[in-house]
Amino acid sequence: MAKKIQKIMVTGSVGQIGSELTLDLRRKYGAENVVACGRKTAPSKELKESGPFEWADVTDPEKMKDVCKKYGIDTIINMAAILSATGEKNPQLAWHVNVTGLINTLELARELELTQVLCPSSIAVFGAGCPQVDTPQETVLRPTTMYGVSKVTGELLCDYYVRRYGVDARGLRYPGIISAETLPGGGTTDYAVEIYYKAIEEKRYTCFVKEDTRLPMMYMPDCIQATIDLMEADFDTLEHHGDFNVGAMSFSAGELAAAIKKHIPEFAVDYEPDFRQKIADSWPQSLDDSAARKEWGWKPSYDIAAMTEDMLKKLGQRHAAGNLYKQPGS
Ligand code: AKB
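From a predicted model like this one, the values you see are computed outputs, not experimental measurements.

**Topic: helix H6 (residues 146–165)**
Part 1 of the reasoning: Here H6 spans 27 Å end to end across 20 residues, near enough to the 28 Å set by a 1.5 Å rise per residue.
Part 2 of the reasoning: At the exit of H6 stands Gly-166, carrying a positive phi of roughly 70°.

Structure below.
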């Protein structure tokens, strides 16, 4: 019989996705049943006060084990990661956090016989030689960044632990994630979030990729939905495990600027590509996510217009209240 998910640990819970995912999981599974873990950055007041919080670094297996035992953890969602742009500045750190951290997590799952480990992957697994439009689930994976190398390794490790040890390990390839709550940090797709803040704040933005750079993107509510849907999917229906493509929308930086201009006509964007352009150029423009749709019913809700309306509404309200960039501890 399938084991139940009852006590969840979220590593990297202070980050862009982890912070919102943790709060959603607490609403669904009960606040006391979702333990948020962070490494360095102080958690928001809401994250700290809405349920248990522990300082635990994925590269410290003893501390991770202590937290698992203390709370009787059965499921780990491993959101701790060094993203693509930061990873190019410090490749060794990216490998250490993304690969050693994942092995530590998978080893804990094996030793403590956990119910599940979920570890996100990324569109960064793709690179030279793969089709860039409707990039298939199964294709050549030849990433050019250390982040991509670490995520391919992570996918293979998850699949290995499934096969070799019967650990239930799952993962999905996030596209660029756009959200209004916690800012992303150190990714190549960060421009697609920054642009909204600058549109509200200054009505101007200098974009670090070219106008015609097209990437797959997803709005945070869909990202949370995808993560929880995969986590809750029946293991027996899964043919894939650590590497699901999940698509939602695909647009160029220029199309994103045009969507914002519909709401803020005076908004102006300059394009000054930097080192992240090369990373963006190596990634897909859109994804074929038919495996996720077939195996666990993936279906996104937001397109660029609906996302833009919601982002501008939320950020506009915060700007009016003098708290566009949420203050630490708020
Ligand atoms: C990044 O840009 O590094 C991330 C990702 C696509 O995984 N947002």
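**As for the side chain of Lys-65**
Part 1 of the reasoning: Within the secondary structure, Lys-65 sits in helix H3 (residues 61–71).
Part 2 of the reasoning: On the basis of relative accessibility, which here comes to 17%, the residue Lys-65 falls in the buried class.
Part 3 of the reasoning: Filtering out sequence-adjacent residues up to four positions away, Lys-65 remains in contact with Leu-108, Glu-111 and Leu-112.

**Thoughts on the nonpolar core**
Part 1 of the reasoning: One finds Ile-178, Tyr-191, Ile-195, Tyr-196, Ile-260 and Phe-267 to be the most contacted residues of the largest nonpolar core, which totals 42 residues.
Part 2 of the reasoning: The set of elements that each furnish at least two residues to this core consists of H6, helix H7 (191–201), strand S10 (204–207), strand S11 (214–219), strand S13 (249–252), helix H9 (253–261), helix H10 (276–281) and helix H12 (304–320).
Part 3 of the reasoning: Considering every element that reaches this core, the biggest residue donor is H7, with eight residues.
Part 4 of the reasoning: Counting residues domain by domain, this core receives three or more from each of domain 1 (8–175 + 219–245) and domain 2 (177–217 + 249–282 + 301–320).

**Quick word on the site of the ligand**
Part 1 of the reasoning: Taken together, the neighbourhood of the ligand is formed by Leu-83, Ser-84, Ser-122, Ile-123, Tyr-147, Gly-187, Thr-188, Thr-189 and Trp-283.
Part 2 of the reasoning: One of the side-chain nitrogen or oxygen atoms of Ser-84 is found 2.6 Å away from an oxygen atom of the ligand.
Part 3 of the reasoning: A distance of 2.7 Å separates an oxygen atom of the ligand from a polar backbone atom of Thr-188.
Part 4 of the reasoning: When the ligand is considered free in solution it has 260 Å² of accessible area, and contact with the protein chains removes 93% of it.
Part 5 of the reasoning: In terms of residue class, the shell around the ligand is built from four nonpolar, five polar and no charged.
Part 6 of the reasoning: Composition of the shell around the ligand by domain shows at least three residues from each of domain 1 (8–175 + 219–245) and domain 2 (177–217 + 249–282 + 301–320).

**A few points about the side chain of Thr-213**
Part 1 of the reasoning: If you trace the backbone, Thr-213 turns up in the loop between S10 and S11.
Part 2 of the reasoning: Contact partners of Thr-213, with chain neighbours within four places excluded, come to Tyr-191, Phe-251, Ser-252, Ala-253, Gln-277 and Ala-280.

So, how was this worked out
Residues numbered from 1 in each chain as written. Predicted model: local features only at pLDDT ≥ 70, side-chain atom pairs only at ≥ 80, totals over all residues. Heavy atoms only, no water. Helix = DSSP H or I, 4+ residues; strand = E, 2+ residues; numbered from the N terminus. Expected span 1.5 Å × (residues − 1). Buried < 20%, exposed > 50% of the residue type's maximum accessible area, 1.4 Å probe, protein only. Contact = heavy atoms within 4.5 Å. Core = buried A, V, L, I, M, F, W, Y, C linked by side-chain atoms within 4.5 Å. Domains from an automatic or database assignment. Near = heavy atom within 4 Å. Polar contact = N/O pair within 3.5 Å; in protein donor to acceptor, adjacent residues only side chain to side chain. Areas by Shrake-Rupley, 256 points an atom, 1.4 Å probe, with all protein chains shown as cover. Nonpolar A, V, L, I, M, F, W, Y, C, P; charged D, E, K, R; others polar.

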